[in-house]
Structure formats: C-alpha cells, structure tokens
Amino acid sequence: MVNDRPRVLSGIQPTAGSFHLGNYLGAVRQWVALQETHDAFYMVVDLHALTIPKDPADLRDNSRLAAAQLLAAGLDPQRCTLFLQSHVPEHTQLSWIVECLTGFGEAARMTQFKDKSAKQGTDHTSVGLFTYPALMVADILVYQAHQVPVGEDQRQHLELTRTIAERFNGRYGATFPVPEAYILKETAKIYDLQDPGVKMSKSASTPKGLVELLDEPKTTAKKIKSAVTDTDTVIRFDQDKKPGISNLLTIYATLTGSGIQELEDKYAGKGYGALKTDLAEIVTDWVTPFRTRTQEFMDDPAALDKILADGAEKARAVASETLRTVYDKVGLVPGRQ
C-alpha cells in the first residue's frame with residue numbers, strides 16, 4: 001500500500017540520560033502527535049553523539065534509554081519508524097556525497113561549529129564536528145523527508161539541507177524533496193525553574209532548575225514547589241515582567257491542555273503556593289507512569305532491541321533505495337545487488 005502521508009524525520013541525541021521536561025514538551029510531544037498524521041521516522045542519533053568523546057558503555061546504555069523513553073512517551077512502532085542511526089549505514093554513505101557538495105565556507109559558517117570550536121580551540125575540535133551538519137543533511141535526505149520538526153537552534157542546519165537538496169537536484173536532476181521546517185507556533189518553550197531567563201537544558205540549567213523525567217516524583221515535586229517566582233502575588237502571564245510565573249503557567253497549560261487565561265482566572269486571588277502545589281501534583285502524576293514504562297522497556301533489553309532492529313529494517317528499505325538512486329546519478333558503478 002502506498003503511503004501518501006507527508007514524511008517527517010527527526011532525531012534526538014542519546015547523551016542526556018534522562019529526558020527533561022523541556023525535551024518532552026518542546027519536541028517529543030510533537031513527535032507523538034505527528035505519528036498520527038505523517039509517515040514518521042524517528043531516530044536516536046548515536047553517531048552524532050560521537051563528536052564529543054563518550055564512554056562506550058555509557059553511550060550504549062544511553063542509546064537504549066533514549067529509545068525506551070521515546071516509547072514510554074507514546075511513540076508506537078506500529079505507527080512510526082523508530083531506530084538507531086548507526087543501524088542504518090546509508091546515513092554515512094550518503095553523508096560523503098553531501099560533503100562533496102558542501103562548500104568549506106558553508107560548513108565553517110554553521111553557528112554550532114563556530115561556537116564549539118571557538119571554545120575548544122582548533123586542536124581539540126574534531127573533523128566530525130566540522131562535518132556534523134553534512135551528516136545531518138544526509139539524515140534528512142536519505143528518507144526523502146518532506147518536513148523536519150526543528151527548534152530555532154537547528155534552523156540553520158535545515159537551511160543547509162534545503163540548499164544541498166536544490167544543488168543536487170539542479171546538478172543531477174530531480175531527486176530529493178526540498179524539506180520544510182515543521183515548527184508549531186504554540187510549541188512550549190520551557191525555562192529553568194531557578195533561572196527563568198534561560199531555556200531548560202542539560203548544559204545551561206541548574207540542577208534544581210532542571211526537571212528530569214526519570215527523577216523520583218518527590219524530587220520533581222520539590223523542584224516545582226521551589227521554583228523562582230517574584231515578589232508580586234498576582235498570577236498572570238507576563239514573560240518580561242513575571243518570567244517565573246509565566247514558565248509555570250506554560251508547563252501547567254501544556255500538560256493539561258488548559259488555556260493561559262483559564263488558569264489566570266482559576267488562580268485569581270490565590271497565592272503562588274496554590275499554583276505550585278497543584279502543578280507539582282500534575283507533573284508528578286504524569287512522570288510516574290512515564291518512569292514505570294521506561295523501566296519496563298529497560299528491563300527487557302531483548303524486546304527493546306527487537307523494536308529497534310525492526311525499525312532499522314523499515315528505515316533501510318527506504319534509505320537503500322535513495323542511496324542506489326544517488327549513486328547512479330553521480331556516476332558510481334553499481335555493485336552486486
């Protein structure tokens with residue numbers, strides 16, 4: 001049966017251990033919804049993780065843990081294709097073709113490379129970090145993806161993907177769809193609970209400001225109740241003047257489907273303590289079954305690995321066809337089938 005849904009592709013690095021609330025509300029939640037409307041391909045990008053030295057055992061554990069959390073969050077192998085990037089060798093094979101189409105200056109202008117290489121120095125910056133965007137381009141193009149869910153920090157890489165797709169099509173004939181960014185305007189941006197001026201992330205957030213989904217529920221509740229607010233007492237959404245309260249309202253609204261105005265009315269005349277107590281219960285009620293489901297997948301590694309192997313098989317069926325077409329168009333002699 002021909003799948004006439006638009007194809008979407010996205011990936012997550014296995015470097016974080018536990019996902020945090022910002023991961024889920026800002027990205028993974030979208031993935032779960034998109035599997036109902038799109039031909040969805042999702043991967044744990046373990047090859048990308050190698051741009052920074054990793055303990056091999058940790059990388060293996062975190063790769064499985066990332067997959068387990070995606071499944072616990074609601075990804076369904078019957079509705080999407082979930083796999084490990086390293087299980088589909090066509091990614092790196094197509095990446096070489098992409099590298100040969102990408103200008104040195106184009107790669108050098110990538111913001112993430114510039115920032116990280118400036119901090120590390122050229123002697124400590126790997127070639128892999130420099131060519132990271134080319135592999136990301138290959139990740140997208142090898143599946144003929146039409147749309148890519150991206151945050152603003154990845155928009156530049158998607159623009160490079162569009163450029164390379166157009167360049168290849170112009171040089172060798174129509175081959176790749178030119179992918180579009182899939183960005184929901186209402187996507188929640190979650191901020192650090194202790195420093196609501198910065199986005200919640202593993203690298204930027206303080207330990208007390210980061211809500212990790214695999215934390216003990218009581219730890220999560222304590223972090224919510226200890227969130228920084230302000231000296232006012234009015235519960236009102238105002239990102240500039242009341243960033244702490246606005247962040248809590250965003251989390252509350254996103255997890256429950258409530259409107260911000262609805263929440264402002266509900267807590268009119270009530271103190272911050274009431275909002276925090278209710279939100280702590282809402283968050284812990286959500287993370288408790290998530291933790292349980294994640295652990296169930298981790299307790300049965302054979303079943304988890306089978307899901308990933310089946311996903312890789314489905315992914316390779318698409319990726320290998322793309323690679324054969326590309327190799328033929330660039331003039332490589334076909335090998336034995």
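Cut-offs used in this document
Residues numbered from 1 in each chain as written. Predicted model: local features only at pLDDT ≥ 70, side-chain atom pairs only at ≥ 80, totals over all residues. Heavy atoms only, no water. Axes fitted to C-alpha atoms, helices over the stretch in contact; angles between N-to-C directions. Helix = DSSP H or I, 4+ residues; strand = E, 2+ residues; numbered from the N terminus. Left-handed = near helix turned anticlockwise from the far one by under 90°. Contact = heavy atoms within 4.5 Å. Nonpolar A, V, L, I, M, F, W, Y, C, P; charged D, E, K, R; others polar. Salt bridge = Lys/Arg side-chain N within 4 Å of Asp/Glu carboxyl O. Buried < 20%, exposed > 50% of the residue type's maximum accessible area, 1.4 Å probe, protein only. Expected span 1.5 Å × (residues − 1). pLDDT = per-residue confidence, 0-100. UniProt positions renumbered as here; feature names shortened; annotations may be inferred. Core = buried A, V, L, I, M, F, W, Y, C linked by side-chain atoms within 4.5 Å. Domains from an automatic or database assignment. Pairing = 2+ DSSP bridges. Right-handed = clockwise from strand over helix to strand, strands pointing away. Phe/Tyr/Trp six-rings, centres within 6.5 Å; stacked < 30°, edge-to-face > 60°. Buried area = accessible area lost by both parts, 1.4 Å probe. Polar contact = N/O pair within 3.5 Å; in protein donor to acceptor, adjacent residues only side chain to side chain.

Draft legend 1. Region of the structure containing the packing of helix H3 (residues 90-101) against helix H6 (residues 127-141). Two numbers describe how H3 lies on H6: the axes approach to 8 Å, and their chain directions differ by 120 degrees. At the point where H3 passes H6, the crossing takes the right-handed sense. Residue-level contacts link His91, Thr92, Leu94, Ser95, Val98 and Glu99 of H3 to Thr131, Ala134, Leu135, Val137, Ala138, Asp139 and Leu141 of H6. Among the residues forming the contact of H3 with H6, the class breakdown is seven nonpolar, four polar and two charged.

Draft legend 2. Geometry of the pattern of salt bridges. Tallied over the full model, the rule gives 14 salt bridges. When the shortest N-O distance is used, the salt bridge between Arg64 and Asp305 registers 2.9 Å. Note that Arg64 is positioned in helix H2 (residues 56-73) and Asp305 in helix H12 (residues 301-330), a separation of 241 residues in sequence. On the basis of relative accessible area, Asp305 is assigned to the partly exposed category, the value being 28%. Arg162 is the partner of Glu180 in a salt bridge, and the nearest nitrogen-oxygen pair spans 3.5 Å. Residue Glu180 is located in strand E5 (residues 180-182), and its partner Arg162 is located in helix H7 (residues 155-172); the two are separated by 18 residues in the primary sequence. Accessibility expressed as a relative area gives 44% for Glu180, which makes it partly exposed. A single network of salt bridges, built from pairs that share partners, joins Glu36, Asp76 and Arg79.

Draft legend 3. Just H7, in detail. Over its 18 residues, H7 runs 26 Å from end to end, which matches the ideal 26 Å to within 8%, given 1.5 Å per residue. All buried positions along H7 are accounted for by His157, Leu158, Leu160, Thr161, Arg162, Ile164, Ala165, Phe168 and Asn169. Trailing H7 by a residue or two, Gly173 shows a phi angle of about 100 degrees, which is positive.

Draft legend 4. Here's a closer look at the confidence of the model for the protein. The share of residues in the protein with pLDDT of 70 or more is 94%, and the mean pLDDT across the chain is 91. By mean pLDDT, the top-scoring element of the protein is strand E3 (residues 80-84) (98), and the lowest-scoring one is helix H5 (residues 111-120) (69).

Draft legend 5. Local environment of the UniProt feature "binding site: L-tryptophan" (unreviewed entry) in the protein. When the UniProt feature table is mapped onto this chain, "binding site: L-tryptophan" (unreviewed entry) is found at Asp139. For Asp139, the location among the structural elements is in helix H6. Not counting residues within four places of it along the chain, the set of residues in contact with Asp139 comprises Leu9, Met43, His48, Gln85 and His91.

Draft legend 6. Here's a closer look at the nonpolar core. Among the nonpolar cores identified, the biggest contains 53 residues, and Tyr42, Leu70, Leu75, Leu193, Ile251 and Leu275 are the most heavily contacted of them. When we break this core down by domain, the ones giving at least three residues each are domain 1 (7-187 + 300-330) and domain 2 (217-295). With near-sequence residues (within four places) excluded, Ile251 lies in contact with Leu21, Leu25, Ile190, Leu193, Leu279 and Val283.

Draft legend 7. Representation of the pairing of strand E1 (residues 7-12). Within E1, five of the six residues are buried, leaving the element largely enclosed by the surrounding structure. Sheet topology note: the E1/strand E2 (residues 39-44) ladder contains six bridges and is parallel. When the sheet's bridge partners are listed, Leu9 is paired in E2 with Phe41. Once the chain exits E1 it traverses helix H1 (residues 21-34) before rejoining the sheet at E2, and the crossover so formed is right-handed.

Draft legend 8. Examining the packing of aromatic side chains more closely. Counted according to the given criterion, the structure contains nine aromatic pairs. Plain terms: the ring middles of Tyr24 and Trp286 are 4.3 Å apart, the flat faces sit at 40 degrees to each other, and that makes the pair tilted. Of the two residues, Tyr24 sits in helix H1 while Trp286 sits in helix H11 (residues 272-298), which places them 262 residues apart along the sequence. Between the aromatic rings of Tyr252 and Tyr267, the centroid separation amounts to 5.9 Å while the plane-to-plane angle is 75 degrees, which identifies the pairing as edge-to-face. Taken together, the residues Tyr252 in helix H9 (residues 243-256) and Tyr267 in the loop between helix H10 (260-266) and H11 connect sequence positions 15 residues apart.

Draft legend 9. Representation of the domain arrangement of the protein within the structure. What the domain assignment lists for the protein is domain 1 (7-187 + 300-330) and domain 2 (217-295). Put simply, the middle of domain 1 and the middle of domain 2, counted by C-alpha atoms, are 32 Å apart. Considering only the side of domain 1, the residues that lose the most area to domain 2 are Leu21, Leu25 and Ala72, jointly responsible for 53% of the buried surface there. The interface formed by domain 1 and domain 2 holds zero salt bridges in total. Our count for the contact surface shared by domain 1 and domain 2 stands at two residue pairs in polar contact (both at pLDDT 80 or more). Elements with a contribution of two residues or more to the side of domain 1 that touches domain 2: H1 and H2. Per-element accounting of the side of domain 1 that touches domain 2 gives the leading share, five residues, to H2.

Draft legend 10. Here's a closer look at H2. An ideal rise of 1.5 Å per residue puts 26 Å on 18 residues; H2 measures up with 26 Å between its terminal C-alpha atoms. Buried positions along H2 lie against E1, H1, E2, E3, H11 and H12. Measuring from the backbone nitrogen of Ala57 back to the side-chain oxygen at the start of H2 gives 3.0 Å, which picks out Asp55 as the cap. Immediately beyond the C-terminal end of H2, within one or two residues, lies Gly74, with a positive phi of roughly 130 degrees.

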